[in-house]
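# Structural features, examined
Each chain is listed here by its residues.
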Amino acid sequence: MARTRKPAQPQDAQLWLKEAFDRQRQDYFENGGLGYDERMGSLDRLYKLFARKADDIAKAMDADFSGRSRHEALIAELFTTQAGISHIRKNLKAWMEPEKRSVNRIFFPASAKIMVQPLGVVGVIAPWNYPFYLAMMPLATAIAAGNRVMLKPSEITPRTAELMKELMAQIFLPEKVFVATGGPEVGSAFTKLPLDHLLFTGSTALGRVVMEQAAKNLTPVTLELGGKSPALVAPGADLARAADHIAAGKFFNAGQTCVAPDFVLVQRGDRDRFVSEISKRINRFYPTIAANPDYTAIVSPNHYGRLVGLVEDAKNKGANILVINPAGENLLPDRKKIAPTLVLDPTESMRISNEEIFGPILPVVEYETLEKAIAYINGRPRPLALYVFSDDEKIVERVLDRTVSGGACVNETILQVAQDDLPFGGVGESGMGAYHAREGFLTFSHRKSVFVQPRYNAQFLIRPPYTNALERIVRFILGKV
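Notes on the structure in this doc start here. Everything numeric in this text was worked out from a predicted model, so none of it was measured. (Residues numbered from 1 in each chain as written. Predicted model: local features only at pLDDT ≥ 70, side-chain atom pairs only at ≥ 80, totals over all residues. Heavy atoms only, no water.)

## What about empty space enclosed by the protein?
Taken as a whole, this structure holds four cavities of 30 Å³ or more when the rule is applied. Of the voids in this model, the second largest cavity is the one considered here, and its volume is about 80 Å³. For the second largest cavity, the full set of lining residues is Gly84, His87, Ile88, Trp95, Tyr133, Met137, Thr141, Gln419, Asp420, His436 and Ala437. Those elements that place two or more of their residues in the lining of the second largest cavity are helix 4 (70-96) and helix 5 (133-144). It is helix 4 that contributes the most residues to the lining of the second largest cavity, four residues altogether. Counted by class, the lining of the second largest cavity contains five nonpolar, five polar and one charged residues. (1 Å grid on protein atoms, 1.4 Å probe; cavity = no way out; pocket = protein on both sides within 12 Å on 5 of 7 lines; lining within 4 Å. Points joined across faces, edges and corners; volume = space filled by probe spheres on them. Helix = DSSP H or I, 4+ residues; strand = E, 2+ residues; numbered from the N terminus. Nonpolar A, V, L, I, M, F, W, Y, C, P; charged D, E, K, R; others polar.)

See the structure below:
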């Protein structure tokens, strides 16, 4: 077990973080990137530690949310992290192998390859909505690529952040993994470090700020943002099945999921039946709200207030609000629970039509034709996810071909994130770059082109002084190109 070192945080966050960064950079220069055995050993320690501490991790998140479903935490945070680490361990050796490339025949017998090497020091800024998974999965991937890692967890979930800091100190020296807890001033200082790569998960607005700060050091960034991910119920789709999967994905973690369906598109004439079907599912999933341990609370009073404001704004501007509260409970604001809410007849003037919702509120938008539904999606910033419900393969292919999103699901929601062999990332305002799977390993690696010249070769033929023979050779080659 690694010794624990907990340097005190001085008032000057920039100096404190720069000192931690310098220690990691110096360790990298002196000892190089982590070798295969060290990477595998680190992944094994992470896997075993998380298995031992699963209950403590779930309890910390429950305390941070003042009510986080234990089962959702175990499924979406612990299971996904463990499955991701297992996938990395299984494939790491193959991912690290150099890739052979061809050389132009006039340079024979030379050879070429691409070698994959660690970048150095990777920074990870994690969000609050899945505070463990969205911190530990990037960290594990960056370690698998042989890097040192600096992690900044969200201050909105402080207990989880402190627990992760304690856990990392148990198995890593700060020269290998450093966890920087603290508020916005720490986050701001973190983005100004001359990191070799920075992964940020959060809002589009903050993503712009992070990218601007990172650009001052030419730090490459991967931005995992969000946006308004649509669920399109295509003409002729099974409304009951679509309602079931949309409800499951939307209200998991009380809608506080970056890939949750933000709104649903239903063909005119199908809306009332769809509303009836999704209401049935919500009633079955969550027969009670207030004391239901499987229905997660909103993370903070500020986020709760913003969501209440979105609904009030929509109501004041003419929307029909359908609150699905099966037991008719009085949901007190201090408990920060919002019952599943459908917003019918939304208009473009409403905030809910323009802001990412990030809560258990689902606008239902009607469309006339499939083409108009596709145009509606394309008229908005490109989303992190798109969900299409149809058993007609031609319709599915048309929607997937005509729209651009970070990822997509057919007849399902949110589960694309849990597929260990699929990269995860956004496009346009929903992000840039990707991680998970081999693509994540490559995100935190440098692919170095290498040309190898053997001792005996014919390159002396193209050295000066240039001869008539060389002229004839060149003209012959040009004629063949």
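## A closer look at the sheet that holds strand 1 (residues 99-101)
With antiparallel pairing, the three strands of this open sheet are ordered in space as 1-2-18. The open sheet has two edge strands, strand 1 and strand 18 (445-452), and neither has a second partner. The average undirected angle you get between the axes of adjacent strands in this sheet is 30°. In the sheet, strand 1 pairs with strand 2 (residues 111-118) via three bridges, with the strands oriented antiparallel. By the bridge assignment for strand 2, Arg101 is matched with Ala112. (Pairing = 2+ DSSP bridges. Axes fitted to C-alpha atoms, helices over the stretch in contact; angles between N-to-C directions.)

## Details of the sheet that holds strand 12 (residues 361-367)
What the seven strands build is an open sheet, ordered 10-11-12-9-8-13-14; its pairing is mixed. Looking at strand neighbours, the two that pair on one side only are strand 10 (320-323) and strand 14 (407-410), the edges of this open sheet. For this sheet, the mean inter-axis angle between neighbouring strands, taken without regard to orientation, is 20°. Sheet topology places strand 13 (residues 385-389) next to strand 14; four bridges connect them, and they run parallel. Residue pairing for strand 14: Tyr387 is matched across the bridge by Cys409. Those strands touched by helix 11 (residues 301-316) are strand 10, strand 11 (341-344) and strand 12, and its axis lies near 135° from that of strand 10. Most of the contacts of helix 13 (residues 393-402) go to strand 13, to which it runs at about 160°, and overall it touches strand 8 (230-233), strand 13 and strand 14. (Contact = heavy atoms within 4.5 Å.)

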